[in-house]
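Letter by letter, the chains look like this.
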Amino acid sequence: MIHASPYAHTTTTTVGATNTTATFGGTSGTSTWTAASNVGYNQKQQHEGENNPFLIKKQPTKCRDPIFAVLLYANVAAILGVFLKYGTPVDQQQQQDADFLSEGADSTTLENDYMGLIYSSIATAGFAAVLSAIVLQILMCIPGVLIKVALVFNVILAGIAALVGFIFGNFILGIFGCIFFAIMLCFAKLVWSRIPFATANLKTGCAAIRANCGVVIISYIFTALACGWSILWTLAVAGIQERLITCEQQTNVNGNPVTVCNDPNYGYFFLLFLSFFFTHQVLQNCVHTCVAGVVGSWWFKPESNGCCSCAVFGSFLRTMTTSFGSVCFGSLLVAIIQALRQLAEQARQNEEVGQMLACCIDCILSCIQAVVEYFNKWAFVYVGVYGYGYCEAGKNVIQLFKDRGWEAIIADDLVGMVLFFLSLLVGLVTAGLGVLLVEVTDLWDDFAPGKDAARVSAAVIGLIIGLVICSILMSTIASSVNTSIVLFADAPAEFEKNYPDLSNEMRQAYMVAHP
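Residues numbered from 1 in each chain as written. Predicted model: local features only at pLDDT ≥ 70, side-chain atom pairs only at ≥ 80, totals over all residues. Heavy atoms only, no water.

Another point: the pattern of salt bridges. Counted according to the given criterion, the structure contains 6 salt bridges. For Arg-455, the salt bridge goes to Glu-439, with nearest N and O atoms at 2.3 Å. Taken together, the positions of Arg-455 in helix 17 (residues 451–490) and Glu-439 in helix 16 (residues 414–440) put the pair 16 residues apart, joining distant regions of the chain. With relative accessibility at 41%, the residue Glu-439 sits in the partly exposed group. Close ionic contact of Arg-507 with Glu-496 constitutes a salt bridge, the shortest N to O distance being 3.0 Å. Of the two residues, Arg-507 is situated in helix 19 (residues 500–513) and Glu-496 in helix 18 (residues 492–498); the sequence distance between them amounts to 11 residues. Residue classification places Glu-496 among the buried positions, given a relative accessible area of 14%. Members of the salt-bridge network, linked through shared partners, are Glu-439, Asp-452 and Arg-455. (Salt bridge = Lys/Arg side-chain N within 4 Å of Asp/Glu carboxyl O. Helix = DSSP H or I, 4+ residues; strand = E, 2+ residues; numbered from the N terminus. Buried < 20%, exposed > 50% of the residue type's maximum accessible area, 1.4 Å probe, protein only.)

Have a look at this one:
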């Protein structure tokens, strides 16, 4: 008999003359063997396999939701076609640069203006990658302390916002700061007892990524693809806007400059926005699904672990082939909502929709987007681990947490809070490095706007690069933690068997948080 729960697991097997009783999480266990035959042993192994959640739920190998993968391919092909037909040619851009130089600009100055930018970006990127790896090791050593620091940091930040608002006479900011300060205080008090469980989840997620660190490389590759897609889409849309849409700078009722397009075709705008967000969502969710598959292999098959192991490559191949349609399915739902929000913002800027109505529409759509993204976060775990289609994965996840009463645990975003805190910390440190490069090197000496502008530019570049690079690493940790939460509820016996120390820590922490 197999009885699975998040905190205890008992297995009793009787095969012929063999009687085995084991209690995980208890204080004692007994094992009695009497002349077990090979037949009895094989039957026992078969019985255990029949109760393995991975073997039970693992789906047959076939392409899931393929129509949505076809839509993604058509989307990329369409944007590529638009770029080839309407995009700004390279020779035209070179001619614009030549015209700029012919007007009296010095080519050496033009080149040197960007040398500081280029070298500072390279230096801060390398530093951020090393610092992020160090931060990950620190996170593995003191996860509980960092979670508490991040929680207290958010409380203090809300208090500072309220204080700044009242000091500078901005009472609206002060009032809202006080409200958020009170909310964060209540939140901290509510979840403080759950920090040990969040700590155990974080340690488990970090251990899975550390054992299969090749998945981090895949994350950076997909980030590079996302950057390339953004450039391609921007060039394609710039060509369309220049040829098919007439836009001009105007001033709105508040006196602020806005770009207004005459008789814009919102159908085209929607398709363009949908195209942009659809591909970005797919790239982002591919990483999440790939990490889920890797953690699933780590959970059930520890012998497959390794930096560039079969677990990493197998999960990547499944994500990009049989499960790719399911990833595209969930991504398309979010992309549609994002495109509608951007469309409402465009209409508001063109003053075709009232400010109040536009605000209400955006609020409603943002709530729907949050719900769908929340759903996707857990559905893609089942897609990556078991190979379910999108709809079947969502049903399984909802039922799993509904049966075990884990809705409150999902709401505890303590892990996400500490991961963002660390990413921000790395970004601030790399921003400081950027400023330091301005002061101690001559890379920015030829920067035309001057020394002060160079400091600001270097700081902003360092902040963005550090934040992005560390966030990529932390996003793999977040995906790993989500998968660990699902599998801890779904297959605690396998966790106890393969990683008894981590299992015992998580089980004890769960019992403390939920006595």
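Once that is clear, we can look at the layout of surface pockets. Roughly 1300 Å³ of volume is contained in the largest pocket. The wall of the largest pocket is formed by 47 residues, among which Gln-284, Met-474, Ser-475, Ala-478 and Ser-479 lie closest to the centre. Breaking the lining of the largest pocket down by element, the ones donating at least two residues are helix 8 (195–211), helix 9 (214–244), helix 10 (266–300), helix 13 (355–386), helix 15 (407–411), helix 16 and helix 17. At 11 residues, helix 17 tops the list of elements feeding residues into the lining of the largest pocket. Of the residues contributing to the lining of the largest pocket, the split by class is 26 nonpolar, 16 polar and 5 charged. (1 Å grid on protein atoms, 1.4 Å probe; cavity = no way out; pocket = protein on both sides within 12 Å on 5 of 7 lines; lining within 4 Å. Points joined across faces, edges and corners; volume = space filled by probe spheres on them. Nonpolar A, V, L, I, M, F, W, Y, C, P; charged D, E, K, R; others polar.)

Averaged over all residues, the pLDDT of the protein chain equals 79, while 79% of them reach at least 70. Predicted confidence for residues 1–49 stays below pLDDT 50, and this span has 62 contacts to residues more than four positions away or in other chains. (pLDDT = per-residue confidence, 0-100. Contact = heavy atoms within 4.5 Å.)

Before going further, it helps to spend a moment on the side chain of Thr-279. Secondary-structure assignment places Thr-279 in helix 10. Given the relative accessible area of 7%, Thr-279 is considered buried. With near-sequence residues (within four places) excluded, Thr-279 lies in contact with Leu-72, Asn-75, Val-76 and Trp-229.

Further remarks concern the nonpolar core. By size, the foremost hydrophobic cluster in this structure holds 117 residues, and its most contacted members are Leu-139, Leu-202 and Trp-298. The biggest single contributor to this core is helix 10, with 19 residues. When sequence neighbours within four positions are dropped, the list of residues in contact with Leu-202 reads Leu-139, Pro-143, Ile-147, Val-415, Val-418, Leu-419, Ile-477 and Val-481. (Core = buried A, V, L, I, M, F, W, Y, C linked by side-chain atoms within 4.5 Å.)

Here the focus is unusual backbone geometry. Positive phi outside glycine occurs at Asp-65, with the angle close to 50 degrees. Looking at the secondary structure, you find Asp-65 in the loop between helix 2 (53–57) and helix 3 (66–86). Residue classification places Asp-65 among the partly exposed positions, given a relative accessible area of 21%.

Now for a nonpolar patch on the surface. Together, Val-152, Ile-156, Ile-160, Leu-163, Val-164, Ile-167, Phe-168, Leu-173 and Trp-192 make up a nonpolar patch on the protein surface, roughly 870 Å² of accessible area in all. Its location among the elements puts Phe-168 in the loop between helix 6 (143–167) and helix 7 (171–191). Judged by its relative accessible area of 69%, Phe-168 is exposed. (Patch = residues over 30% accessible without salt bridge, like charges linked within 9 Å, V, L, I, M, F, W, Y side chains within 5 Å. Areas by Shrake-Rupley, 256 points an atom, 1.4 Å probe, with all protein chains shown as cover.)

In this section: the environment of Arg-64. With respect to the element layout, Arg-64 can be found in the loop between helix 2 and helix 3. In the structure, Arg-64 is positioned 259 residues away from Ser-323 in sequence and 5.7 Å away in space, judged by C-alpha atoms. The contact partners of Arg-64, leaving out residues within four places of it in the chain, are Gln-59, Thr-322, Gly-325, Ser-326, Gly-387, Tyr-388 and Gly-389. Of note is the side chain of Arg-64, whose polar atom sits 3.3 Å from the backbone oxygen of Gly-387. (Polar contact = N/O pair within 3.5 Å; in protein donor to acceptor, adjacent residues only side chain to side chain.)

An ideal rise of 1.5 Å per residue puts 58 Å on 40 residues; helix 17 measures up with 58 Å between its terminal C-alpha atoms. At Ile-472, helix 17 shows its largest bend, some 25 degrees. (Expected span 1.5 Å × (residues − 1). Bend = angle between axes of the 7 residues up to and from the residue.)

The next point concerns the packing of helix 8 against helix 16. Relative orientation of the contacting elements helix 8 and helix 16 amounts to 65 degrees, with a least axis distance of 9 Å. Taken as a pair, helix 8 and helix 16 cross one another with a handedness that is right-handed. Contacts from Ile-195, Ala-198 and Leu-202 in helix 8 reach Leu-414, Val-415, Val-418 and Leu-419 in helix 16. When grouped by side-chain class, the residues that make up the contact of helix 8 with helix 16 number 7 nonpolar, no polar and no charged. (Axes fitted to C-alpha atoms, helices over the stretch in contact; angles between N-to-C directions. Left-handed = near helix turned anticlockwise from the far one by under 90°.)

What follows concerns the packing of aromatic side chains. In this structure the tally under the stated criterion is 23 aromatic pairs. An angle of 45 degrees between the planes, with centres 4.9 Å apart, marks the rings of Phe-329 and Tyr-390 as tilted. With Phe-329 in helix 12 (residues 324–349) and Tyr-390 in helix 14 (residues 390–404), this residue pair connects regions lying 61 residues apart in the sequence. Taking 5.1 Å as the distance between ring centres and 65 degrees as the angle between the ring planes, the aromatic pair formed by Tyr-382 and Tyr-386 counts as edge-to-face. Taken together, the residues Tyr-382 and Tyr-386, both in helix 13 and 4 residues apart, mark about one turn of the helix. With respect to class, Tyr-382 is no different from Tyr-386; both count as buried. Through successive ring pairs, a cluster of aromatic residues spans Phe-197, Trp-298, Trp-299, Phe-488, Phe-495, Tyr-499 and Tyr-510. (Phe/Tyr/Trp six-rings, centres within 6.5 Å; stacked < 30°, edge-to-face > 60°.)

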